[in-house]
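So the chains spell out like this:
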Amino acid sequence: MTRTVYALARYQNCATAIDFLTAAFGFRVHEASKNDQGVVNHAELLVGDDLIMVGEGKPGGPGMYIAVDDPDAHLARARAAGATITMELTDQPYGSREYACQDPEGNVWYFGTYRP
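Residues numbered from 1 in each chain as written. Predicted model: local features only at pLDDT ≥ 70, side-chain atom pairs only at ≥ 80, totals over all residues. Heavy atoms only, no water.

**A closer look at the sheet that holds strand β3 (residues 40-47)**
Argument step 1. Pairing is mixed across the open sheet formed by four strands, whose spatial order is β1-β4-β3-β2. Every other strand in the sheet has two partners, leaving β1 (7-11) and β2 (28-34) as the edge strands with one partner each. Strand-to-strand twist across the sheet, computed as the mean angle between neighbouring axes with direction ignored, equals 20°.
Argument step 2. Here β1 runs beside strand β4 (residues 50-56); their pairing, made up of five bridges, is parallel. For L8, the partnering residue across the bridge sits in β4 and is M53. (Pairing = 2+ DSSP bridges. Helix = DSSP H or I, 4+ residues; strand = E, 2+ residues; numbered from the N terminus. Axes fitted to C-alpha atoms, helices over the stretch in contact; angles between N-to-C directions.)

**So, the sheet that holds strand β5 (residues 64-67)**
Argument step 1. The four strands lie next to each other as β5-β8-β7-β6, forming an open sheet whose pairing is mixed. What marks the edges here is a single partner per strand, and that holds for β5 and β6 (84-91). Ignoring strand direction, the axes of neighbouring strands in this sheet form an average angle of 15°.
Argument step 2. Looking at chain direction, strand β7 (residues 97-102) and strand β8 (residues 108-112) are connected through five bridges and run antiparallel. Bridging from a neighbouring strand, E98 pairs with G112 of β8.

**Examining the side chain of H74**
Argument step 1. Structurally, H74 can be placed in helix α2 (residues 71-80).
Argument step 2. On the basis of relative accessible area, H74 is assigned to the buried category, the value being 11%.
Argument step 3. Setting aside residues no more than four positions away along its own chain, H74 makes contact with A24, F25, V68, Y99 and F111. (Buried < 20%, exposed > 50% of the residue type's maximum accessible area, 1.4 Å probe, protein only. Contact = heavy atoms within 4.5 Å.)

**A short note on the pairing of β6**
Argument step 1. Bridging between β6 and β7 involves five bridges; their strand directions are antiparallel. Considered in β7, the bridge of M87 is made with A100.
Argument step 2. Linking two consecutive strands that pair antiparallel, namely β6 and β7, is a turn of five residues; a positive phi of about 100° is found at G95 within it.

Now the structure itself:
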């Protein structure tokens, strides 16, 4: 199957965001593009077998959900890297164990065991 939908988060400072996202959430850099001044203005990060894109712009938006196998360990890693936890680990009635947090620029991230 060919992907047609990609999650996107905007950041005022993409390089700093990439450092946080790799440290806090375990994402891996697939590609990072720089402008003429050498500033990262777009990047693609691997999340398992999927990609998310980060780019320059105003942070915020509806948030993103990412399925993880061990949300307890994932939360500990995010907390240690400085994520602001906005919803502690919760066992949902639909079977997911999940939490929510904000990154340093205010983007909302949800992580849990639910896989549609």
